[in-house]
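The lines below spell out each chain.
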Amino acid sequence: MSIDMSQFYQVFFEETAEHLANMENLLLNIDIGNPDLEELNAIFRAAHSIKGGAGTFGFTDMAEVTHVLETLLDRLRKQELAPTDEMIDAFLKAGDVLKMQLAAHQDEGDVDEVQVVEVCELLDRLASGEASAEVVASTPDETTSAVEPAVSGHRWLITFRPDETFSADAEALEALFTDLAAMGTLERLSDGSDGCHRLALTGELGAEAIADTFAFVCEPEQVSITPDDGLAPATTAAEADDDAFGVFDGAPGSEHIGEDEQGFGFFDDAPGSERLAEQAHDQEDDGFGLFGGSPGMEQVAEVAEQERAEQAQGYGFFDGAAGTPAAADSPAAPAAAGGSKPPASRTPARAVPGGGGSSGGNGNKKPAAAAAESSIRVSVEKVDQLINLVGELVITHAMLAQSAEVLDPVTNERIFNGLSNLERNSRDLQQAVMSIRMMPISFVFSRFPRVVRDTAANLKKKVELKLIGEDTELDKGLIEKLADPLNHLVRNSIDHGIESPEQRRAAGKPEKGEIILRASHQGGNIVIEISDDGAGLNREKLLAKAAERGIPMAENPSDKEVWQLIFAAGFSTAEKVTDISGRGVGMDVVRRNIEEMNGRVEIESEPGRGTRILIRLPLTLAILDGMSVRVGDEIFIAPLTAILESIQPQTEQLKTVSGKGRVVHVRGEYLPLVVLHEVFHIDARCTRPEEGIVVILESNEGKAALMVDELVAQHQVVIKSLESNYRKIEGVSGATIMGDGRVALILDIDALVRLSQKGA
Amino acid sequence: MSEELQESAATGGDSREYLTFTLGSEEYGIDILNVQKIRGYDAVTKIANSPAFIKGVINMRGIIVPIIDMRIKFNLGDVEYNQFTVVIILNISGRVIGMVVDGVSDVIAVKDELVRPAPEFGAVLDTEYINGLATIDERMVIMVDIEKLMSSGDMGLVDHYAAGAAG
């Protein structure tokens, strides 16, 4: 069955990345002494989903690693082994290996095979730690244990020889049978009068699950569970699983996908029974089974053929019965009943070994299904298109409103009412659409527990991380760009900020340092704060370093100016270069990245008490609060975040420096005057500063005074790219469309100040 | 969209459709598949420190489109902007660009074999950007490789020539 799988790769990549992140998160939160079974299960599910997806899409390397990972996890969640720190580290390493492999599959890096082998060996070693025969099917060979229960709708023959005390206890026996009956259809073949109960259980459960039930009441040796003849032996399925891994047409591959937590149901198939396949094609209107696979068994292929012929116009493109044909003979009632939704019948079967019963399996499925229903995956382009269209709607409304201004409000009351309704609705719509792009900052924050743990361990420091305000929402575009700078800052805090435990003890501080990551909204901004209780910045050292590097400094610089030094390119006060920091690249990159997002970085530091770095960002990249200013006939938008105040300067406030550079004396400060019409070569109406208005701006080049003809109004503008159809223009960061449909350019304050300095 | 059209045109036969326009006394033809629409000249927003032939940018249904005046670019005498001024909106590998010309004449189908290579001569355009010459009703039409022209370094429309060619 040939189908282009590449179209689904992206989905797989995204999901796997999510699963990995999720797994890591859970791992970091695990309480070694008292592990939460539900958490272990969640980790297992994440690993399992990755394995399934990887196998299906032919990424066998990833499937292999997850397979080993799963083996150990499986033993943990069955409580055969107690989790140790070593294991958690091994899991984290395995997660890294998977990330590396994932990146390699996305053509973004190479796989370090040595590391892969190391991790696999480590996991193997840990998994084989203490083998226990407690659970029948939990042989160290994980393949069998994972797959044995996989065939649904099995009929099991159970021979149970209870010891005397138990067989005498009729009540307990009855309870056991009730338990079994709950798992499927129970037939009692003999009443146990000879001390041996023979039972037949038909259900979607594996031998393991049944054995688990018995494990509560008796020794494993007292029970024997065999598949009914006419049913495929479990080993067959296991072999099939091994062989067909990776390629799409294998039953096991599709089986894993069937369990995909997202529950898309694309890849449903009926690995269990032919009966199921029949059901599926009877119910083809339900059309779930897009991709089945036939593992090459004739009967199945026939059925599939027939189906394809019959459902030419149906939805089920690739329905196939992937299961063992022998299973077709079995009644298989519960599984077949689920014909329209095979994954539901699959998952419990797989989840049983750990869940300790069918209820565990169901419990696993439900949250996943709910999550799938409550969110959809939409490409960012579509959302951006929506945002664009809504922006257009708002502009159209403004144009309409402008045209309506000439009408008499009394006679045209209804038009005006309609317009104001339209305005309200379109604003609401705009907000709603913008909120689609908003994501909680926890998407970035969640990686830091790991970063802190690893970095601190590396540097032999003790650090605790506190996350505050993880629910704060900001634009998805910002979130993605924020990850790197924050990573740098956090690592810097650990390396340079937090002292070693000895030093801390000597300074009378607790040995464990603390780093706080806090996000909050402040006005139209989002503020992200990284603070540590470390040594703080060393003013003298910074100044000495600046002198050494020939960075010009004012006579008696303020702390703020000194702190800004750490953002200078190549500036590092670290005595030795570590693999974490000290090379002097980094902080300048951090600042550049933040500035690209129209944000700014502030530092506060107190020697011995710690350092606080504040990042201020606009809420979104798509909308900007701006002040429109007029120069000549042109309107420009100045970002409101940069504007401090606007004044009409008096002649005595204007001074020249060495005859050409002009400065404005405002509140005791001399600010360079940037004359917009000169920088942009426009014919302005006001050529003398005292006729126009100067806007005092805060830029990264320091404060500056921008001279314009007049201030027009304050707007929220939708930022449009000039580069998409044109090229970058110096001094302009973008464009927007004004209410009258005209284009206005958005000023890039920093570049303007630089341009003006160059010109002067 | 333009790709689909291009495909169907390519399989349809050897003849292509061209939009012809005049610049000064010369008539030029460009592949119609590069033409998104034709519109009148509106007020533009000037772009600071750009060459004179780049008039500025306009808003076309939410997209910021740069407008260039070919008449200024090729020094074709007086330039007037009135209700007859025509802007051809081009789509060059995804980039939307407006081009002011003297007038739009016609849409013609020209068989590929009728387009003859251009000799080295002094048209206002560099021969590098000319695909060839065709004779339509006794008139000579200069077939322009508009994609190459617009993404060229002379036009300064894109940051790098390579970026334009790739995009």
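Residues numbered from 1 in each chain as written. Chains lettered and ligands numbered in written order. Predicted model: local features only at pLDDT ≥ 70, side-chain atom pairs only at ≥ 80, totals over all residues.

(A) How the structure looks around the overall build of chain B. When its secondary structure is counted, chain B shows four helices and ten strands. Within chain B, the fraction of its 167 residues that count as buried is 37%. For chain B, the proportion of contacts with a sequence separation of at least 24, taken over those separated by at least 6, is 55%. (Helix = DSSP H or I, 4+ residues; strand = E, 2+ residues; numbered from the N terminus. Buried ≥ 20, exposed ≤ 12 C-beta atoms within 10 Å, placed from the backbone. Contact = placed C-beta atoms within 7 Å.)

(B) Layout of the overall build of chain A. Along chain A, the regular secondary structure elements total 27 helices and 22 strands. The burial tally for chain A puts 42% of its 760 residues in the buried class. Excluding contacts between residues fewer than 6 apart, the proportion of contacts in chain A whose partners are at least 24 apart in sequence is 70%.

(C) Inspection of the sheet that holds strand 10 (residues 600–606) of chain A at higher detail. Residues and elements named next belong to chain A. The five strands lie next to each other as 6-8-9-11-10, forming an open sheet whose pairing is mixed. Single-partner strands in this sheet number two, and they are strand 6 (463–468) and strand 10. When the angles between neighbouring strand axes are averaged without regard to direction, this sheet yields 15°. Running over the sheet, helix 20 (residues 448–459) touches strand 6 and strand 8 (513–522) and is turned about 165° from strand 6. (Pairing = 2+ DSSP bridges. Axes fitted to C-alpha atoms, helices over the stretch in contact; angles between N-to-C directions.)

(D) View of the environment of R539 of chain A. Residue and element names in this part refer to chain A. Relative to the helices and strands, R539 is located in helix 23 (residues 539–549). Since 15 C-beta atoms lie within 10 Å of it, R539 is described here as partly exposed. Sequence spacing of R539 and V562 is 23 residues, and the spatial spacing of their C-alpha atoms is 6.8 Å. Non-local contacts of R539, meaning those with residues more than four positions away in its chain, are made with D559 and V562.

(E) Geometry of the interface of chain A and chain B. Each side of the interface is counted separately: chain A has 22 residues, and chain B has 21 residues. Among the elements of the structure, helix 17 (380–404), strand 21 (732–737) and strand 22 (743–747) of chain A are those that each provide at least two residues to the side of chain A that touches chain B.

(F) Focus on the sheet that holds strand 5 (residues 63–69) of chain B. Residues and elements named next belong to chain B. Strand order in the open sheet formed by five strands is 3-6-7-5-4, with mixed pairing between adjacent strands. The open sheet terminates on both sides in strands that have one partner only, identified here as strand 3 (35–40) and strand 4 (54–60). The sheet shows a mean angle of 30° between the axes of neighbouring strands, taken without regard to direction. Taken together, the three bridges between strand 5 and strand 7 (residues 95–101) define a ladder with parallel strand orientation. Bridging across to strand 7, I68 finds its partner in M99.

(G) The pairing of strand 18 (residues 693–699) of chain A, seen in detail. All names here are of chain A. The pairing of strand 14 (residues 643–647) with strand 18 spans four bridges and is classified as antiparallel. Looking at strand 18, one finds that I643 is bridged to L697. Where strand 18 hands over to strand 19 (residues 702–708), the hairpin turn is made up of two residues, counted between the paired strands.

(H) Quick peek at the nonpolar core. By size, the foremost hydrophobic cluster in this structure holds 89 residues, and its most contacted members are A638, V674 and L706 of chain A together with V57 of chain B. Residues from two domains meet in this core; each of domain 2 (380–437) and domain 4 (623–759) of chain A gives at least three. If sequence neighbours within four positions are ignored, A638 of chain A has contacts with G626, M627, V629, I643, V695, L747 and I749 of chain A. (Core = buried A, V, L, I, M, F, W, Y, C linked by C-beta atoms within 7 Å. Domains from an automatic or database assignment.)

(I) Inspection of the confidence of the model for chain A at higher detail. Residues and elements named next belong to chain A. Looking at chain A as a whole, the pLDDT averages 70, with 64% of positions reaching at least 70. Note that pLDDT drops below 50 for residues 130–152; the model gives that stretch 68 contacts with residues more than four away or on any other chain. Low pLDDT, under 50, characterises residues 230–372; the stretch is placed with 309 contacts to residues that sit more than four places away or in other chains. (pLDDT = per-residue confidence, 0-100.)

(J) Seen up close, the packing of helix 3 (residues 60–77) of chain A against helix 5 (residues 113–127) of chain A. All names here are of chain A. Across the interface, helix 3 lies against helix 5 with an axial gap of 9 Å and an inter-helix angle of 20°. Comparing their axes, helix 5 and helix 3 come out roughly parallel. With respect to the hand of their crossing, helix 3 and helix 5 are arranged in left-handed fashion. Side by side, helix 3 and helix 5 meet where V65, V68, L69, T71, L72 and R75 of the first sit next to V116, V119, C120, L123, D124, L126 and A127 of the second. Within the contact of helix 3 with helix 5, the residues separate by chemical class into ten nonpolar, one polar and two charged. (Parallel < 35°, antiparallel > 145°, perpendicular 65-115°, else oblique. Left-handed = near helix turned anticlockwise from the far one by under 90°. Nonpolar A, V, L, I, M, F, W, Y, C, P; charged D, E, K, R; others polar.)

(K) Region of interest: the environment of M23 of chain A. Residues and elements named next belong to chain A. With respect to the helices, strands and loops of the structure, M23 is situated in helix 1 (residues 6–29). Taking the C-alpha atoms as reference, M23 lies 6.1 Å from A46; in sequence the two are 23 residues apart. Residues contacting M23, with those up to four places away along its chain left out, are I43, A46, A47 and G95.

(L) Seen up close, the environment of D42 of chain B. Secondary-structure assignment places D42 of chain B in the loop between strand 3 and strand 4. Measuring from C-alpha to C-alpha, the distance between D42 of chain B and N59 of chain B comes to 9.7 Å, with 17 residues separating the pair along the chain.

(M) Structural view of helix 3 of chain A. Residue and element names in this part refer to chain A. In this model, helix 3 (18 residues) spans 25 Å end to end at C-alpha, consistent with the 26 Å of a helix rising 1.5 Å per residue. Counting buried positions along helix 3 gives 15 out of 18 residues, so the element sits mostly inside the fold. Two residues or fewer after helix 3 comes Q79, characterised by a positive phi angle close to 60°. (Expected span 1.5 Å × (residues − 1).)

(N) The arrangement of helix 25 (residues 587–596) of chain A in detail. All names here are of chain A. All of the buried residues along helix 25 are M587, V590, R591 and I594. Along the axis of helix 25, the buried residues cluster in a sector spanning 95°; they form a single face. Elements that come into contact with the buried residues of helix 25 comprise helix 21 (476–497), strand 10 and strand 11 (610–618). Where helix 25 ends, the next residue or the one after it, N598, has phi of about 65°, a positive value. (Arc of directions from axis to C-beta.)

(O) Region of interest: unusual backbone geometry. One non-glycine residue, H681 of chain A, lies in the positive phi region at around 55°. C-beta crowding within 10 Å serves as the criterion here: with 10 such atoms nearby, H681 of chain A is assigned to the exposed category. A positive phi angle is found at E138 of chain B, which is not glycine, with a value near 70°. Mapped onto the fold, E138 of chain B is located in the loop between strand 9 (130–136) and strand 10 (139–144). Taking the C-beta count within 10 Å as the criterion, E138 of chain B has 5 such neighbours and is therefore assigned exposed.

(P) Main features of the packing of helix 17 of chain A against helix 18 (residues 413–436) of chain A. Residues and elements named next belong to chain A. Running from amino to carboxyl end, helix 17 crosses helix 18 at an angle of 160°, the nearest separation of the two axes being 9 Å. It follows from the interaxial angle that helix 17 and helix 18 lie roughly antiparallel. Of the two possible hands of crossing, helix 17 and helix 18 adopt the one that is left-handed. Of the residues in helix 18, those in contact with V383, L386, I387, V390, L393, V394, H397, L400, A401 and A404 of helix 17 are I415, F416, L419, L422, E423, S426, L429, Q430, V433, M434 and I436.

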